[in-house]
Amino acid sequence: MSLGSIYIVGAGRVGTALGLLAQRAGLDLTGLWTRGRESARRVSQTVGRECSWGPLPDAIGRARIVIVSVSDPEVQAVAGALLDGGLLRGCEVLLHCGGARAARE
C-alpha cells in the first residue's frame, strides 16, 4: 500500500530530516520548500530532491500528504498562504511538526 506523494513545506532541520527519512524509506517525496535560495540549494543537495524557495509552488497541490515544518510563529502565515492559494486541493493529510514550545505556552 502506497502512502501517496509527500510535500514538505519548511525545509529547516526537521523538514530536511523528514525528507531524508522519506527518501531512505522509498516514499514518494514530491518536493520540499524553504524561504531562501541558498537554503534550497543545500537542502536539494542533502536530500537529493528539488527544494523550491520563494513563493509556495503549485506542486504542493498535487501532494496527497503535506507536512508543514515551519517555526511556530510562521505557522499561521504559511497555513493561510496554503489555503488562500488553493494549494491543499489534493491533500488528504495535513501534518504540522510542532514542538519548539512547551504545550502549556
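For the structure itself, look to the data block above.
Remember, it's a predicted structure, so these values are computed and weren't measured experimentally.

Asker: How do you make sense of the side chain of Ser69 when you look at a structure like this?
Answerer: Within the secondary structure, Ser69 is located in the loop between strand 4 (65–68) and helix 3 (75–84). Apart from the residues lying within four places of it in its own chain, the contact partners of Ser69 are Val9, Gly10, Val14, Gly15 and Cys97.

Asker: What is the right way to read the nonpolar core from this model?
Answerer: Across soluble globular proteins, you tend to see nonpolar side chains buried next to one another. Within the largest apolar cluster, 15 residues are counted, with the highest numbers of intra-cluster contacts made by Tyr7, Val9, Leu56, Ile60, Val66 and Leu82. Listing elements by their share of this core, those giving two or more residues are strand 1 (6–9), strand 4 and helix 3. Ignoring sequence-local partners within four residues, the contact set of Val9 consists of Trp33, Leu56, Ile60, Val66, Ile67, Val68, Ser69, Val70, Val78 and Leu82. Within the second largest apolar cluster, twelve residues are counted, among which are Ile6, Ile8, Ala22 and Val47.

Asker: Would you explain the pattern of salt bridges in this entry?
Answerer: Side-chain pairs of opposite charge can arise whenever the charged atoms involved come near each other. Overall, the coordinates contain four salt bridges when judged by the stated rule. The closest approach of N and O atoms between Arg64 and Glu92, which form a salt bridge, is 3.0 Å. With Arg64 in the loop between strand 3 (51–53) and strand 4 and Glu92 in the loop between helix 3 and strand 5 (93–96), this pair connects stretches of sequence that are 28 residues apart. By relative accessible area, Arg64 is classed as partly exposed at 29%. Through salt bridges with shared partners, a single ionic network connects Glu38, Arg41 and Arg42.

Asker: What am I meant to see in the sheet that holds strand 3 here?
Answerer: Strand order in the open sheet formed by five strands is 3-2-1-4-5, with parallel pairing between adjacent strands. Only two strands of the sheet have a single neighbouring strand rather than two, namely strand 3 and strand 5. If you compare each strand with its neighbour and ignore which way they point, the axes differ by 20° on average. Along the sheet face, helix 1 (residues 13–24) touches strand 1, strand 2 (29–34) and strand 4 and points at about 165° away from the line of strand 2. Across the sheet, helix 2 (residues 37–47) is in contact with strand 2 and strand 3; its angle to strand 3 comes to roughly 175°.

Asker: Would you take a moment to explain the environment of His96 for this structure?
Answerer: Inspection of the secondary structure puts His96 in strand 5. Taking C-alpha positions, His96 is 9.9 Å from Ile8, a pair spaced 88 residues apart along the chain. Excluding anything up to four places from it in sequence, His96 contacts Val68, Val70, Asp72 and Val75.

About the cut-offs
- Residues numbered from 1 in each chain as written.
- Predicted model: local features only at pLDDT ≥ 70, side-chain atom pairs only at ≥ 80, totals over all residues.
- Heavy atoms only, no water.
- Helix = DSSP H or I, 4+ residues; strand = E, 2+ residues; numbered from the N terminus.
- Contact = heavy atoms within 4.5 Å.
- Core = buried A, V, L, I, M, F, W, Y, C linked by side-chain atoms within 4.5 Å.
- Buried < 20%, exposed > 50% of the residue type's maximum accessible area, 1.4 Å probe, protein only.
- Salt bridge = Lys/Arg side-chain N within 4 Å of Asp/Glu carboxyl O.
- Pairing = 2+ DSSP bridges.
- Axes fitted to C-alpha atoms, helices over the stretch in contact; angles between N-to-C directions.

Keep in mind these numbers describe shape, not what the thing actually does.
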